[in-house]
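Each chain is listed here by its residues.
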Amino acid sequence: MANRTHRIATKLHKWIALVVGVQLMLWTVSGLFMTIWPIETVRGEHLMAKAEAPVLDRPFVMPDFDGEPVTDVALRNIGARAVLVVTHPTRRMMHDPYTGAAIPPPDAERIAALAGIAVADAAAIEEVSLIEADPPSEWRGALPVWQVRFAGPERLRLYMDAVTGEVLTRRTCLWRVYDFMWMLHIMDYDGREDFNNPLVQLAAGLGLSVAISGLVLTFYRVLRRRRGPRASIAAT
């Protein structure tokens, strides 16, 4: 019975280790990579100018909503200018806080100006584009969205709100590598967000099987070594 258990454990350990060995290595490499850089650096926060709180120097005027329901009103500082961002059930709008007048959504020129204000170092802007369909994999939010590409080694890209021009997120070369490592780590090769997907659960279960079978093999090998000298003495 002991020999049979030992043979089964040996086979399980060998074949399962072959199956999950590559993934175990990827978990280690990707996990090590993600511990090297602070998450603030990965997110490119060091590249951005310090955000200032909105300041009003005189009383603001509430816009006329013409009876349309309002779900949220927020005072924001956008491009060194205080604005009211009003959210309705089906849309959002900007208003001048002093007159209540509607402010139109930003065009490409305005987005370029806002991006230049948002970035700490004035890197050259290579391209400004409005993405309305088929976004790059690094953007996983709602559409439409403005994308601003900067020159430089960081290959910084800003994704900016199509209604307000606010910076929604930043993407750099380091973020893209980190995102790839995160994908390998959680084994979600599509959305790169589901940490509880069946594939990673299966790999983790197989990895646990390798560990358990290895412990069983270690137990039998230690037991054999202890029995070896006694068996030799009994034979004489």
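Cut-off values and rules
Residues numbered from 1 in each chain as written. Predicted model: local features only at pLDDT ≥ 70, side-chain atom pairs only at ≥ 80, totals over all residues. Heavy atoms only, no water. Pairing = 2+ DSSP bridges. Helix = DSSP H or I, 4+ residues; strand = E, 2+ residues; numbered from the N terminus. Axes fitted to C-alpha atoms, helices over the stretch in contact; angles between N-to-C directions. Core = buried A, V, L, I, M, F, W, Y, C linked by side-chain atoms within 4.5 Å. Buried < 20%, exposed > 50% of the residue type's maximum accessible area, 1.4 Å probe, protein only. Contact = heavy atoms within 4.5 Å. Salt bridge = Lys/Arg side-chain N within 4 Å of Asp/Glu carboxyl O. pLDDT = per-residue confidence, 0-100.

Section: the sheet that holds strand S8 (residues 167–171)
Pairing is antiparallel in the open sheet, where 4 strands are placed in the order S5-S6-S7-S8. Every other strand in the sheet has two partners, leaving strand S5 (125–131) and S8 as the edge strands with one partner each. If you compare each strand with its neighbour and ignore which way they point, the axes differ by 20° on average. Here 4 bridges tie strand S7 (residues 157–161) to S8, and the two strands are oriented antiparallel to one another.

Topic: the sheet that holds strand S2 (residues 82–87)
Two modes of strand pairing occur in sheets, parallel and antiparallel, and in both the strands are linked by backbone hydrogen bonds. An order of S1-S2-S3-S4 is seen for the 4 strands of this open sheet, with the pairing classed as antiparallel. Edge positions in the sheet fall to strand S1 (72–77) and strand S4 (102–103), since each has one partner strand and no second. Note: strand S3 (residues 92–95) against S4, 2 bridges, orientation antiparallel. Bridging from a neighbouring strand, Met94 pairs with Ile103 of S4.

Considering the nonpolar core
Val148, Phe150, Leu158 and Met160 are the most contacted members of the largest nonpolar core, which has 19 residues in total. Mapped by element, the contributors of at least two residues to this core are S2, helix H3 (108–118), strand S6 (145–150) and S7. Beyond its immediate chain neighbours, meaning those up to four positions away, Leu158 contacts Met48, Ala115, Val119, Trp146, Gln147, Val148, Phe150, Val167, Thr169 and Arg170. Core analysis: the next-biggest nonpolar cluster, separate from the first, contains 9 residues, Phe33, Tyr178, Met183 and Leu184 among them.

Brief notes about the pairing of S2
Along S2, 6 of the 6 residues are buried, which leaves the element largely enclosed by surrounding structure. The alternating pattern of S2 places Ala82, Leu84 and Val86 and Val83, Val85 and Thr87 on opposite faces, both of which are buried. One ladder, built from 6 bridges, connects S1 with S2; its direction is antiparallel. Pairing of Val73 across the sheet is with Val86, part of S2. Joining the antiparallel neighbours S1 and S2 is a turn of 4 residues, in which Gly79 adopts a positive phi near 65°. Connecting S2 to the antiparallel partner S3 that follows it, the hairpin turn spans 4 residues.

Focus: the pattern of salt bridges
For the structure on display, the rule yields 11 salt bridges. In this structure, Arg92 engages Asp161 in a salt bridge whose closest nitrogen and oxygen atoms are separated by 2.7 Å. Pair noted here: Arg92 is in strand S3 and Asp161 is in strand S7, with a separation of 69 residues, a long-range link. By relative accessible area, Arg92 is classed as partly exposed at 31%. Given a relative accessible area of 8%, Asp161 falls into the buried group. Among the salt bridges present, the one from Arg192 reaches Asp179, with a minimum N-O distance of 2.7 Å. Taken together, the residues Arg192 in the loop between helix H4 (173–186) and helix H5 (198–235) and Asp179 in helix H4 connect sequence positions 13 residues apart. With a relative accessible area of 19%, Arg192 lands in the buried category.

Quick look at the confidence of the model for the protein chain
Summarising the model, the protein chain shows a mean pLDDT of 86, and 90% of its residues fall at 70 or more. Ignoring residues within four places in sequence, the model shows residues 231–236, a span with pLDDT below 50, making 0 contacts including any to other chains.

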